[in-house]
Amino acid sequence: MAALVGLLGTVNGGLVLARPTGQGHIGTWARRNGAVTALVAGLIAVVVGGSVAATADGGLGTGNGLGGAYVAMLVGLIAVTLGWLARSRSRRTG
């Protein structure tokens, strides 16, 4: 689930960055909230993935979810990065 939340944050951050700038007040509001959504989803994915990785017994391939935790943390970090870039871009143009 954490990997899916991170993936949704990554997609949301990518969509916010792909939108053209200068869409008026409503466009600025949507970009800023989309960036915050990507940041929050990415942080949730990193925290949950990290907690699963810290408490997993065994290694990769043992069925404890360690691979999913690593994927969640990676995708969450990508979502945080995209959200941060979109947030700074919306502040600069808004």
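Computed from a predicted structure; not experimentally measured. (Residues numbered from 1 in each chain as written. Predicted model: local features only at pLDDT ≥ 70, side-chain atom pairs only at ≥ 80, totals over all residues. Heavy atoms only, no water.)

A. Broad picture of the overall build of the protein. What the protein contains, in helices and strands, is three helices and zero strands. Its helices and strands taken in sequence order, the protein reads α-α-α from the N to the C terminus. A total of 94 residues make up the protein; the buried ones form 29% of that total. In the structure as shown, the protein presents an accessible area of about 5,500 Å², 70% of it carried by carbon and sulfur atoms. (Helix = DSSP H or I, 4+ residues; strand = E, 2+ residues; numbered from the N terminus. Buried < 20%, exposed > 50% of the residue type's maximum accessible area, 1.4 Å probe, protein only. Areas by Shrake-Rupley, 256 points an atom, 1.4 Å probe, with all protein chains shown as cover.)

B. The arrangement of the side chain of Thr10 in detail. Among the secondary structure elements, Thr10 is positioned in helix 1 (residues 2-18). The contacts of Thr10, once residues within four sequence positions are left out, are Val75, Ile78, Ala79 and Leu82. (Contact = heavy atoms within 4.5 Å.)

C. Representation of the environment of Val75 in the model. Mapped onto the elements, Val75 comes out in helix 3 (residues 66-93). Distance from Val75 to Leu8, taken between C-alpha atoms, is 9.3 Å for residues 67 residues apart in sequence. Apart from residues lying up to four places away in sequence, Val75 is in contact with Ala3, Gly6, Leu7 and Thr10.

D. Spotlight on a nonpolar patch on the surface. On the surface, Val36, Val40, Ile44, Val47, Val48 and Val52 cluster together to form a nonpolar patch covering roughly 430 Å² of accessible area. Exposure remark for Val36: the relative accessible area of 34% places this residue in the partly exposed category. (Patch = residues over 30% accessible without salt bridge, like charges linked within 9 Å, V, L, I, M, F, W, Y side chains within 5 Å. Salt bridge = Lys/Arg side-chain N within 4 Å of Asp/Glu carboxyl O.)

E. Examining the confidence of the model for the protein more closely. Averaged over the protein, the pLDDT score is 83; the fraction of residues at 70 or greater is 81%. Mean pLDDT across the secondary structure elements of the protein bottoms out at helix 2 (residues 24-55), with 83, and peaks at helix 1, with 88. (pLDDT = per-residue confidence, 0-100.)

F. Broad picture of the environment of Thr10. Look at Thr10 and you get buried, because its relative accessible area is 17%. Linking Thr10 and Ile78, residues 68 residues apart in sequence, is a C-alpha distance of 6.3 Å. Of note is the side chain of Thr10, whose polar atom sits 3.1 Å from the backbone oxygen of Val75. (Polar contact = N/O pair within 3.5 Å; in protein donor to acceptor, adjacent residues only side chain to side chain.)

G. Broad picture of helix 1. Its 17 residues place the ends of helix 1 24 Å apart at the C-alpha level, agreeing with the 24 Å of an ideal helix rising 1.5 Å per residue. Three or more residues of helix 1 are buried, namely Ala2, Gly6, Gly9, Thr10, Gly13 and Val16. One face of helix 1 carries all of its buried residues, which in axial projection span an arc of 130°. Opposite the buried face of helix 1, at more than 90 degrees from it, the exposed residues are Leu4, Leu8 and Ala18. (Expected span 1.5 Å × (residues − 1). Arc of directions from axis to C-beta.)

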